[in-house]
Amino acid sequence: MIFILETAAVLMEVLWVLVLYAAWDEPDPMWRLIVTVGNFPGAVAYLLCRKVALSDLPWPLFVKRIMLRQKLDDARSATRHIGGAHQFLELGRLLESIENYREAFDSYGKALEKEPRNAEALWGVARLEGKRGRTAESRAALEILLQAAPDYKSGTAALAYARLLLKSDEFDAAEKVLATYLKSWREPEARYYMARILLKRQDTATALKLLEETADDIRTSAPVPRMENDRWLDVSEKLISQL
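Residues numbered from 1 in each chain as written. Predicted model: local features only at pLDDT ≥ 70, side-chain atom pairs only at ≥ 80, totals over all residues. Heavy atoms only, no water.

Colleague: Sorry, what's going on with the overall build of the chain here?
Modeller: In terms of regular secondary structure, the chain is built from 14 helices and zero strands. Secondary structure elements of the chain occur, N-terminal to C-terminal, as α-α-α-α-α-α-α-α-α-α-α-α-α-α. If one aligns the C-alpha atoms of the chain with their principal axes, the spans along those axes are about 65 × 55 × 25 Å. Of all 243 residues assigned to the chain, the portion counted as buried reaches 39%. Contacts spanning at least 24 positions in sequence make up 44% of the contacts within the chain whose residues lie at least 6 apart. Split by element, the accessible area of the chain, about 14100 Å² in all, is 57% carbon and sulfur. The positive charge centre, built from 34 side chains, and the negative charge centre, built from 35, are 3 Å apart in the chain. (Helix = DSSP H or I, 4+ residues; strand = E, 2+ residues; numbered from the N terminus. Buried < 20%, exposed > 50% of the residue type's maximum accessible area, 1.4 Å probe, protein only. Contact = heavy atoms within 4.5 Å. Areas by Shrake-Rupley, 256 points an atom, 1.4 Å probe, with all protein chains shown as cover. Lys, Arg positive; Asp, Glu negative; His and termini not counted. Charge placed at Lys NZ, Arg CZ, Asp CG, Glu CD.)

Colleague: How should I be thinking about the packing of helix α9 (residues 156-167) against helix α11 (residues 188-200) in this particular structure?
Modeller: To describe two helices that pack against each other, one gives the angle between their axes and the distance between the axes. Their axes nearest at 11 Å, the elements α9 and α11 cross at an angle of 30 degrees. Between α9 and α11, the angle falls in the class roughly parallel. Our pair here, α9 against α11, has a crossing hand that is left-handed. Two secondary-structure elements touch here, α9 through Leu159, Arg163 and Leu166 and α11 through Glu189, Ala190, Tyr193 and Ile197. Of the residues assigned to the contact of α9 with α11, the class counts are five nonpolar, no polar and two charged. (Axes fitted to C-alpha atoms, helices over the stretch in contact; angles between N-to-C directions. Parallel < 35°, antiparallel > 145°, perpendicular 65-115°, else oblique. Left-handed = near helix turned anticlockwise from the far one by under 90°. Nonpolar A, V, L, I, M, F, W, Y, C, P; charged D, E, K, R; others polar.)

Colleague: I tried to follow unusual backbone geometry on my own but got confused; where do I start?
Modeller: Backbone geometry follows two general trends: most residues other than glycine have a negative phi, and most peptide bonds adopt the trans configuration. Even without being glycine, Ser154 reaches a positive phi, approximately 50 degrees. Considering the arrangement of structural elements, one finds Ser154 in the loop between α8 (135-148) and α9. Of note in the backbone geometry, Gln202 takes a positive phi value of approximately 65 degrees without being a glycine. Relative to the assigned elements, Gln202 resides in the loop between α11 and α12 (204-219). Owing to a relative accessible area of 71%, Gln202 belongs among the exposed residues under this scheme.

Colleague: Is there a simple way to think about helix α7 (residues 119-131) in this case?
Modeller: Because each turn of an α-helix spans 3.6 residues, side chains separated by three or four positions in sequence point in the same direction. In this model α7 runs 18 Å from its N-terminal to its C-terminal C-alpha over 13 residues, within 8% of the 18 Å that 1.5 Å per residue would give. For α7, the full list of buried residues reads Ala119, Ala121, Leu122, Trp123, Gly124, Val125, Ala126, Leu128 and Glu129. Contacts made by the buried residues of α7 are with α5 (85-97), α6 (101-114), α8 and α9. With a side-chain oxygen positioned 3.1 Å from the backbone nitrogen of Glu120, the residue opening α7 is Asn118. Backbone geometry just downstream of α7 places Gly133 in the positive-phi region, at approximately 75 degrees. (Expected span 1.5 Å × (residues − 1). Polar contact = N/O pair within 3.5 Å; in protein donor to acceptor, adjacent residues only side chain to side chain.)

Colleague: Please explain helix α2 (residues 29-49) as it appears in this structure.
Modeller: Across its 21 residues, α2 extends only 15 Å between first and last C-alpha, which sits more than 12% below the 30 Å expected from 1.5 Å per residue. Maximum bend of α2: about 145 degrees, positioned at Asn39, with proline Pro41 one to four residues after it. Taken together, the buried positions of α2 are occupied by Trp31, Arg32, Val35, Gly42, Ala43, Tyr46 and Leu47. (Bend = angle between axes of the 7 residues up to and from the residue.)

Colleague: Please clarify how the pattern of salt bridges should be interpreted in this entry.
Modeller: Between side chains of opposite charge, a pair can form when the charged atoms approach closely. Here the structure, examined in full by the defined rule, presents 19 salt bridges. Put simply, Arg163 and Glu189 hold a salt bridge, and the shortest N to O gap is 2.6 Å. With Arg163 in helix α9 and Glu189 in helix α11, this pair connects stretches of sequence that are 26 residues apart. Look at Arg163 and you get partly exposed, because its relative accessible area is 32%. Connected via shared salt-bridge partners are Glu129, Arg132, Arg134 and Glu137. (Salt bridge = Lys/Arg side-chain N within 4 Å of Asp/Glu carboxyl O.)

Colleague: Could you clarify how one ought to interpret the nonpolar core in this entry?
Modeller: In summary, soluble globular proteins display a tendency toward joint burial of nonpolar side chains. If you look at the biggest cluster of nonpolar residues, it comprises 56 residues, and the most contacted ones within it are Trp123, Leu142, Leu145, Tyr152, Ala157, Leu178 and Tyr193. With nine residues, the single largest contributor to this core is α9. The next biggest cluster of nonpolar side chains, apart from the first, holds ten residues, and it includes Trp16, Val19, Leu20 and Trp31. (Core = buried A, V, L, I, M, F, W, Y, C linked by side-chain atoms within 4.5 Å.)

Colleague: Quick question: what am I supposed to make of the environment of Met12 here?
Modeller: Relative to the elements of secondary structure, Met12 occurs in helix α1 (residues 2-23). Between the C-alpha atoms of Met12 and Val44, which are 32 residues apart in sequence, the distance is 9.9 Å.

Colleague: Sorry if this is basic, but what is going on with the packing of α9 against helix α10 (residues 171-182) here?
Modeller: Here α9 crosses α10 at 160 degrees, and the two axes come no closer than 8 Å. Considered as vectors, α9 and α10 are oriented roughly antiparallel to each other. Here the hand of the crossing between α9 and α10 comes out left-handed. The residues of α10 that touch α9, namely those facing Ala158, Leu159, Tyr161, Ala162, Leu165 and Leu166, are Phe171, Ala173, Ala174, Val177, Leu178 and Tyr181. Considered class by class, the residues forming the contact of α9 with α10 number twelve nonpolar, no polar and no charged.

Rendered as structure tokens:
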């Protein structure tokens, strides 16, 4: 009996950790807090409310491949027999989740052949092109995506596009993207980038004010968002000390 209880406790802890990793990618930080503080009950609540399948959790790769084998077979069959954008998207998502990026990229591409402005397929192509170091191709996909769905994934795509612009030293274009983004969202990363651009324009006062507000917001945020944004707190404080 003791062995059974100990095994159950270990399994509950493993499930909690896996769900915590999954919740960390949620755009709403409240879910991260619920899972962190609620432990196993919080994990169960997340799975039920967000309708997350166990196979969608971040299992080790070899486990995930075993769990998704049947789903992959079904998805491949659906692309052969139905062959719509939705079927290729589903196959692409599954392939990407088991890190079969080449086939996932091909699946997203076939989805775009069916629906050239499909936001999810464009996002998949942009991400995978970025993983391959093909910046120009990733940027092209993001530009089409942002024309079709400017607010895609709560601004995540817009912020990814701003990063690429900054890497290319296209500060005017990056400033426009960030200015639009910051009207709706206040991610510390975007605010830090905007402050750096303002400093390049020698608008030190506005940049300093933005950095101080960003640092204060991170310091006073809940534990989980605070941990998530520690990097941006560190770089913001470092930059403030240099001004």
